[in-house]
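# Structural overview
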Amino acid sequence: LEDNRMEHSDIQIFYQEDPEDQNLSQNSCPPSEVSHTNLCSPLKARNYQLELALPAKEGKNTIICAPTGCGKTFVSLLICEHHLLKFPQGRKGKVVFFANHVPVYEQQKTVFSRYFERLGYSVTGISGATAEKVPVAETIENNDIIVLTPQILVNNLKNGTIPSLSVFTLMIFDECHNTSKHHPYNMIMFNYLDQKLGESSDPLPQVIGLTASVGVGDAKNIEEAMAYICKLCASLDASVIATVKENLEELEQVVYKPQKISRKVEPRTTNKFKLILCELMKETEYLAKSISEELGYLFQIQDRVFGTQKYEQWIVAVHKACRLFQMPDKEEESRICKAMYLYTSHLRKYNDTLIISEDAQMKDALNYLKDFFSNVRTAAFDDIEQDLTRRFEGEGCFQNRKPLETHLILQEEYHLNPETRTILFVKTRALVDALKKWIEENSALNFLKPGILTGRGKTSNKTGMTLPAQKCVLDTFRSNGDNILIATSVADEGIDIAQCNLVILYEYVGNVIRMIQTRGRGRAKGSKCYLLSSNADVIEKEHINIIKEKMMNDSISRLQTWDEVTFQKRIYHIQNQEKFIRDSQPKSKFVPDKENKRLLCAKCKVLACYTADIRVIEESHYTVIGDAFKEHFVSKPHPKPLSYGNFEKKEKIFCARQNCGHDWGIHVRYKTFEIPVIKIESFVVEDIVTGLQKQYPRWKAFPFKKIEFDATEMSK
Ligand SMILES: [Zn+2]
């Protein structure tokens, strides 16, 4: 150990003002100069970086937990360099660095190449995009440092191309908090732990994990949080969690925690929405009143309050009364009746909408109204309808408040600092496009040059971004081209997007890990982070995340007080338990498509049933067996009962959860059975293992083990 410490002074250190690796990933000088001048990558290790690297340099398996933007990449370079240099003549080390996302992979490959090739080490990388063209075993054999996306190694361990992890002497896991469940990181570690706990005496590589946050899972107290963190350590065979303790002051000067601002958009929206709707209702009532003197008396009822059940009852009564209204002039009667019918049905819809907007999100209410109006437009469309529709459409304020709120923030921030550079995180790919379009079409925002960054994923119908496209976007953002980047979650793990000082999270919230990392994006001094949401739950969730963050920090501090032997014993115990559980599970359980999945109500996300309980009737109808499901829905008589084939449509079924009532499908008589038939578009499919949620528009698009309906099962 003393020897290792001695070597500190041998590491060549250079000075650089900016945090971490921007200077390495940028072309600060032509490559030709690299070989003969060290000034090219002038980096000086900060004290806290040396502190973080220390246990790893002592050869311990370590999880390095430090905030995004503090230079963990540089810490891993220090560790890696120390590791490679410590081998005596005739022996060689081999390092593998894992990166989850391709942009991170590219970035790290560049950083490692620049840093190590000047020292005479060979660096290479294999990702999903290149794996098929590259002989993996040879590539690993012939290089000192290999940057990989983890699935490559999983595949090659599985097919035997790489016989054992003993080919490596050091493994570095970037974003190592992912080492859980069936993530490729964990599959690699399963292999490692099988070797460690098994018979083999081949040497195992040292394991290093890098993360901004280890997470706490679903922990509700500090004991559960500690157990969660211990399990992560066991998964990575780590005996040390390294955090900055001695040099906190220095760290805090480097990592500027952005000012966090939460903006709840809903109150203003709801009120305005309500205001406008009430105005519309007043106008419509006035129009109805003035259509016929004879019916005016119907409106002389006191204490009407819009948006209440009472109003609903009243308007239904008026509606009925009008239908029975008679006049000597039949044509006039028809005109008045029809007009009253229209006015009252519009009033009913407005009232419904107000009720919905109270309980659910405004979006649902607005969709409800839009649906109504699009139906109106396709049906008979007379003067009165046209007039009412125009009144509705004239209200521009029905548009979502969030873009407007974003607009205000952007205008204010760019006014204060025209050099502001923004990342706007949104949840979906579709929103990325929508917001880009919105910025481009909004002349008041012409000071913005938006770029977009999305994953390479194959999700739904939109094709993702190609790798060169991603790189191009990042380069443009770096070199002052674009000044606002609209991104989906792909950009929230470790990609080096230098110096943005404004982060806007647009209805974007996740677990505590995601929160810490996204906050880390705003690296420049005086940066701000806005959370914009119309949902009180989202704001609340953010508060919970902050509590969880504190719980995590406290847990780590406590675990760090344990002596190493006690900690290692605990880890060893967990590893054995987990291995036993793993080994006693039949392998077939790991085939993802056959795995049982949860169906959640697409509206309120309540658990409806499991795919294992679904049976297929006549190849195209899907029912759920068992009594458990019956408690999750309520049925109402079907407005259009109908028979077709062996089916007799009797009722519609809805989510039984209060305030939800989402349309789930129908209840039918099939031969002699009374059974529910559900439609998949009413549900969200959740993978039990990964927690990943997906939506399918049709049953055909949803691959799962489809079991045919069996009448004998129903008698059980
Ligand atoms: Zn529901």
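Nothing here was measured: the structure is a model prediction, and the numbers come from that model.

### A word on the environment of E686
Following the sequence through the fold, E686 ends up in strand β22 (residues 683-687). Overall, E686 belongs to the buried group, its relative accessible area being 15%. Measuring from C-alpha to C-alpha, the distance between E686 and L607 comes to 9.6 Å, with 79 residues separating the pair along the chain. Non-local contacts of E686, meaning those with residues more than four positions away in its chain, are made with K597, R598, L600, G691, L692 and Q693. Within the local environment of E686, its side chain forms a polar contact with the side chain of Q693, the two groups lying 3.0 Å apart.

### Some points on the packing of helix α5 (residues 72-85) against helix α6 (residues 102-117)
With their axes 11 Å apart at the nearest point, α5 and α6 run at an angle of 45° to one another. Here α5 is positioned oblique relative to α6, judged by the angle of their axes. The element α5 and its partner α6 pack so that their crossing is right-handed. Where α5 abuts α6, its residues T73, F74, S76, L77, C80, E81 and L84 lie against Q108, V111, F112, Y115 and F116. Of the residues in the contact of α5 with α6, the class split is 8 nonpolar, 3 polar and 1 charged.

### Observations regarding the packing of aromatic side chains
Throughout the structure, instances matching the rule amount to 23 aromatic pairs. Ring geometry for F116 versus Y121: centroids 6.2 Å apart, planes at 75°, classification edge-to-face. Each member of the aromatic cluster is reached from another via a ring pair, and the members are F97, F112, Y115, F116 and Y121. Positioned over the ring face of Y115 is R118, at 4.5 Å from the centre of the ring.

### Details of the sheet that holds strand β24 (residues 707-708)
Pairing within the open sheet is mixed, and its 3 strands lie in the order β17-β16-β24. Strands at the two margins of the open sheet, each flanked by one partner only, are β17 (621-624) and β24. With 2 bridges connecting them, strand β16 (residues 614-617) and β24 associate as parallel partners. Looking at the pairing, R615 lines up with I707 of β24.

### Examining the nonpolar core
Judged by nonpolar contacts, the single largest core of 47 residues is most densely connected at F98, L153, M171, F173 and L236. In terms of residue count, the dominant contributor to this core is helix α10 (residues 222-235) (8 residues). Once residues lying within four places of it in the same chain are set aside, the contact partners of F173 are F98, Y185, I188, M189, V207, I208, G209, L210 and L236.

### Remarks on the sheet that holds strand β21 (residues 673-678)
Read from one edge of the open sheet, 4 strands run β18-β19-β20-β21, paired in antiparallel fashion. For this open sheet the edge positions go to β18 (633-644) and β21, each flanked by a neighbour on one side alone. Strand-to-strand, the axes of this sheet are offset by a mean angle of 30°, without reference to chain direction.

### Side note on the pairing of β18
In this structure, β18 lies alongside strand β19 (residues 647-655), joined through 8 bridges in antiparallel fashion. Bridge pairing in β19 places L642 opposite K649. Remark: 2 residues form the turn of the hairpin made by β18 and β19, two consecutive strands paired antiparallel; G645 in that turn has positive phi of roughly 55°.

Calculation criteria
- Residues numbered from 1 in each chain as written.
- Predicted model: local features only at pLDDT ≥ 70, side-chain atom pairs only at ≥ 80, totals over all residues.
- Heavy atoms only, no water.
- Helix = DSSP H or I, 4+ residues; strand = E, 2+ residues; numbered from the N terminus.
- Buried < 20%, exposed > 50% of the residue type's maximum accessible area, 1.4 Å probe, protein only.
- Contact = heavy atoms within 4.5 Å.
- Polar contact = N/O pair within 3.5 Å; in protein donor to acceptor, adjacent residues only side chain to side chain.
- Axes fitted to C-alpha atoms, helices over the stretch in contact; angles between N-to-C directions.
- Parallel < 35°, antiparallel > 145°, perpendicular 65-115°, else oblique.
- Left-handed = near helix turned anticlockwise from the far one by under 90°.
- Nonpolar A, V, L, I, M, F, W, Y, C, P; charged D, E, K, R; others polar.
- Phe/Tyr/Trp six-rings, centres within 6.5 Å; stacked < 30°, edge-to-face > 60°.
- Lys NZ or Arg CZ within 6 Å of the ring centre and 35° of its normal.
- Pairing = 2+ DSSP bridges.
- Core = buried A, V, L, I, M, F, W, Y, C linked by side-chain atoms within 4.5 Å.

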